[in-house]
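Descriptive structure summary
Listed here are the chains, written in short residue letters.
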Amino acid sequence: MEKTETRVIVFTCNWNAYSSLEAAGVEGLSYPAGVYAVKVMCLGRLHPGLILKAFEQGADSVLLLGCPPGECHYGFGNRHAEEVFAEARALAHLLGIAEERLRLDWLDVGDGHAFVEKVTAFIEQLCSFQPSTLPPSH
Amino acid sequence: MPDPIKQTITRHRAYYCLECGKCTATCPVARQDSGFSPRRIVEEVVAGRAHAVLESPLAWACLTCRRCSEICPSDVHYSEFTRELRILAREIGHQGACTHGDTIHTWMRMMADPALKQNRLDWLMGDLQVSPTSDTVYWVGCLPYYDVLFRRQGFQGVDIARAAVRVLNALDIVPAVLADERCCGHDLLWQGDVNTFRHLAELNLELLRSTGARRIVTSCPECAYTLKVDYPAFVGNTGMEVLHIAELLSASDLLSAIRHLLSATRHPPSATHHSPSATYQDPCRLGRYMHVYDAPRQLLRALGIEIVEMAHAGKTSTCCGTSGWTNCGATSKAIQVERLREARATGAEMLVTACAKCQIHFLCAMDDPRLGAEIEMPVRDLITLVANALE
Ligand code: SF4
Ligand code: SF4
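In this text the structure is predicted, and so the values were computed from the model without any measurement.

Moving on: the overall build of chain B. From N to C terminus, chain B includes 19 helices and 7 strands. Radius of gyration (C-alpha) of chain B: 21 Å, near the 21 Å computed for a compact globule of 391 residues. A separation threshold of at least 6 residues defines the contact pool for chain B, and within that pool the share at least 24 residues apart is 80%. Carbon and sulfur atoms make up 51% of the accessible area of chain B, which totals about 15,900 Å². The centroid of the 40 positive side-chain charges in chain B is displaced by 3 Å from the centroid of its 43 negative side-chain charges.

Below is the structure:
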């Protein structure tokens, strides 16, 4: 069966990243249909289990979008997110998940165009993969 | 149709319960949490009120440490009884409170995917010798995974795997290690997820049988017990001898080989020679489940380490406080703190464990700014000590 769509879970923080997603919606910008956004108050709320669970439940890839360095609304959240991301990436590597399938990035507040660019670029680099590196169709 | 509750009661001898309460009196959980009583749970289930137990968080409180089984006059198999109740509880939608955000159970379930291709052998480098045609499989378990998750606590999981191979190599055993090994399923089974356990076991059995080896050596007591006892009971026999590495190394020929190697590497004793002291934590699966009490102690003595026993040791040893990565909380912490105080009271220089999980739990409990030095103590892994002594 042909894989029709790359399914991406995008974890966004409530502040910069989610406001950019909303801005994309308000401006009527379109982005790939396989993008499923999951809003958390802060990326620091994530732990490796949630990221692995996204893969377990059938995500082809996972993108974490938070606030730029130094701009976390809670002070330490994006530093913590970096630690969590490093652990999740190491676990994903053990589980045979190619490192291109998991990324941590940031967005400025309310930048709809940047949101669309980042998710599109993430999906495009994934599509350059051999299908065999993705899990079987669900 | 046979009633599964009745079958559970019969299979694990709950009908024989005398309601003496010895289990509750000796249980480390009940000692910290007066709401938990194994006696009362047996009584409730036998009296036909199993549904109340299945729906209660108390169904997930037991550590399955078998401390109570050592003392029960009626030989009620409380741990296995609990395990079956959990399987039934899960069927009606209940589960224990997972600690670590379900990270560990998630990777375990992910390993049940037959298409999985792991990168689990990155630690295998340098002069470690392995051979795919060996008659001995070294079963690594989830060590590379725990290594990632518990680095912050100072746990070095892959060093244990390296140490195991180093020790085997020093004794002229070149083991096979398997790139497609999966979690043995121990924690899922004991938390009632028997279906995923079966999937993992089937995949592992196929892999193990394809090696043509005659024995499996593990560094994890839980892997050893699962492969040896639960695989045959639930899915099938490996057809291979299964040993924890401490059991293997304490065989007389290997123990004398270790002594011989040590006499060659050790510096001659001087007048100021100080022999280190240690106290030893019996892991539940290695001790009460597999009755391996002497082997690790023999190994420590062979290294010239003096053993100072804790107040509860051997058959009466206290569990490290958490089991199956479930329900860790104030009760677990209280058990761990009490155990660490007991270990420190021996005056020994280090606490030695033969189970990675015991080590992780003690390291985590010690990371406590409030109690700090009161419970701090170096925790060392048994096989790593052996490997380092042989260098
Ligand atoms: S120790 Fe055994 S007989 Fe006594 S109450 Fe507990 S389960 Fe029943
Ligand atoms: S197995 Fe251990 S934790 Fe469970 S009831 Fe018995 S003594 Fe308590």
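Let us look at the packing of aromatic side chains. Taken as a whole and assessed by the stated rule, the structure comprises 12 aromatic pairs over all chains. Taken together, a centroid distance of 5.3 Å and an interplanar angle of 80° make the contact between tyrosine 31 of chain A and phenylalanine 115 of chain A edge-to-face. Taken as a pair, tyrosine 31 of chain A in the loop between α1 (16–26) and β2 (35–40) and phenylalanine 115 of chain A in helix α4 (residues 112–127) lie far apart in primary sequence, 84 residues in all. The class for tyrosine 31 of chain A is partly exposed, based on a relative accessible area of 29%. On the accessibility criterion, phenylalanine 115 of chain A (0% relative accessible area) is buried. Taking 5.6 Å as the distance between ring centres and 80° as the angle between the ring planes, the aromatic pair formed by phenylalanine 197 of chain B and phenylalanine 234 of chain B counts as edge-to-face. Placement of phenylalanine 197 of chain B in helix α11 (residues 194–211) and of phenylalanine 234 of chain B in helix α12 (residues 221–234) is noted, with a sequence separation of 37 residues between them.

Here we come to the interface of chain B and chain A. Listed as interface residues are 20 residues of chain B and, on the opposing side, 18 residues of chain A. Around 1,700 Å² of area is buried between chain B and chain A when both sides are counted, 62% of it from carbon and sulfur atoms. Broken down residue by residue, the surface that chain B buries against chain A is led by Met110, Val148 and Arg152 of chain B, which jointly contribute 33%. Applying the counting criterion to the chain B and chain A interface returns 4 salt bridges. Close ionic contact of lysine 53 of chain A with aspartate 102 of chain B constitutes a salt bridge, the shortest N to O distance being 2.6 Å. At the surface where chain B touches chain A, the tally comes to 9 residue pairs in polar contact (both at pLDDT 80 or more). Those elements giving two or more residues to the side of chain B that touches chain A turn out to be α7 (103–110) and α8 (143–149) of chain B. Top element by residues in the side of chain B that touches chain A is α7 of chain B. It accounts for 5 residues. Partitioning the side of chain B that touches chain A into residue classes produces 9 nonpolar, 5 polar and 6 charged.

Taken together, 14 residues sit near ligand 2, with Cys27, Cys62, Leu63, Cys65 and Cys68 of chain B positioned nearest. Here the residues of the shell around ligand 2 are counted per class, giving 10 nonpolar, 2 polar and 2 charged.

All names here are of chain A. The sheet built from 4 strands is open, its strands ordered β2-β1-β3-β4 with parallel pairing. This sheet does not close on itself; its edge strands, each paired only once, are β2 and β4 (102–106). Here the strands of the sheet are splayed against their neighbours by 20° on average, with no regard to which way each runs. The pairing of strand β1 (residues 8–13) with strand β3 (residues 61–66) spans 5 bridges and is parallel. Each residue of the ladder has a partner; that of threonine 12, found in β3, is leucine 65. The strands that helix α2 (residues 48–56) touches are β1, β3 and β4; relative to β3, the one it contacts most, it runs at about 145°. Taken strand by strand, α4 contacts β1, β2, β3 and β4, and its axis lies near 155° from that of β3.

In the region of ligand 1, the neighbouring residues are Cys17, Leu18, Glu19, Cys20, Gly21, Lys22, Cys23, Arg39, Cys72, Pro73, Ser74 and Val76 of chain B. Within the shell around ligand 1, the residues separate by chemical class into 7 nonpolar, 2 polar and 3 charged.

When a strand is regular, its side chains alternate between the sheet's two faces. Residues and elements named next belong to chain A. Burial of β3 is extensive: 6 of the 6 residues sit out of reach of the surface. With burial as the criterion, each face of β3 is covered, one bearing Ser61, Leu63 and Leu65 and the other bearing Val62, Leu64 and Gly66. Alignment of β3 against β4, held across 5 bridges, turns out to be parallel. Of the residues in β4, the one forming a bridge with valine 62 is leucine 102.

With that settled, consider the sheet that holds strand β3 (residues 241–244) of chain B. Residue and element names in this part refer to chain B. Pairing in this open sheet of 3 strands is parallel, and the strands run β1-β2-β3 from one edge to the other. Strands at the two margins of the open sheet, each flanked by one partner only, are β1 (136–139) and β3. Geometrically, the sheet is characterised by an average inter-axis angle of 25° between neighbouring strands, direction not taken into account. Across the face of the sheet, α12 comes into contact with β1, β2 (215–218) and β3 while running at roughly 160° to β3.

Attention now moves to a nonpolar patch on the surface. All names here are of chain A. The grouping of Trp15, Met41, Tyr74 and Phe76 at the surface amounts to a nonpolar patch, some 410 Å² of accessible area in total. Mapped onto the secondary structure, phenylalanine 76 falls in the loop between β3 and α3 (77–94). Phenylalanine 76 sits in the exposed class, given a relative accessible area of 53%.

Rules and cut-offs
Residue indices begin from 1 for each chain and proceed along its sequence in written order. Labels follow written order: the first chain is A, the first ligand is 1, and so on. The model is predicted, so local features are restricted to residues of pLDDT at least 70 and side-chain atom pairs to those at 80 or more, both for listing and for counting; the totals for chains, interfaces and linings are taken over all residues. Side-chain measures were taken over the full set of non-hydrogen atoms in the model, leaving aside hydrogen atoms and water. Here a strand is any run of E in DSSP of at least two residues, a helix any run of H or I of at least four, and the numbering for each starts at the N terminus. For this measure, only C-alpha atoms enter the radius of gyration; the expected value for a globule follows 2.2 Å times N^0.38, where N is the number of residues. Any pair of residues with heavy atoms lying within 4.5 Å of one another is described as a contacting pair. Methods summary: accessible areas were calculated by the Shrake-Rupley approach with a probe of 1.4 Å, and residue burial reflects only the protein chains presented. This count recognises Lys and Arg as positive and Asp and Glu as negative, with His and chain-terminal groups excluded. The atoms used to mark charge sites are NZ of Lys, CZ of Arg, CG of Asp and CD of Glu. Any pair of Phe, Tyr and Trp rings, taking the six-membered ring for Trp, is counted once the centres come within 6.5 Å. Such a pair is stacked with planes under 30 degrees apart, edge-to-face with planes over 60 apart, and tilted for the rest. Each residue is placed in one exposure class: buried if its accessible area under a 1.4 Å probe, protein chains only, is under 20% of its type's maximum, exposed if it is over 50%, and partly exposed if it falls in between. Buried area adds together the accessible area that both of two parts lose upon being put together, with accessible area traced by a 1.4 Å probe. Salt bridges are defined as contacts in which a side-chain nitrogen from Lys or Arg sits within 4 Å of a carboxyl oxygen from Asp or Glu. Here a polar contact is taken to be a pair of N or O atoms separated by no more than 3.5 Å, where protein atoms must pair a possible hydrogen donor with a possible acceptor and residues adjacent in sequence count only if both atoms sit in side chains. Residues are grouped as follows: Ala, Val, Leu, Ile, Met, Phe, Trp, Tyr, Cys and Pro are nonpolar; Asp, Glu, Lys and Arg are charged; all remaining types, including Gly, are polar. The rule for a residue being near a molecule or strand is that one of its heavy atoms must lie within 4 Å of it. Only when DSSP finds a minimum of two bridges between them are two strands counted as paired. Between N-to-C directions, angles cover 0 to 180 degrees, with each direction set by a line fitted to C-alpha atoms, over the stretch in contact for helices. Patches draw on residues past 30% relative accessible area with no salt bridge. Two like charges within 9 Å are joined, as are two nonpolar side chains (Val, Leu, Ile, Met, Phe, Trp, Tyr) within 5 Å.

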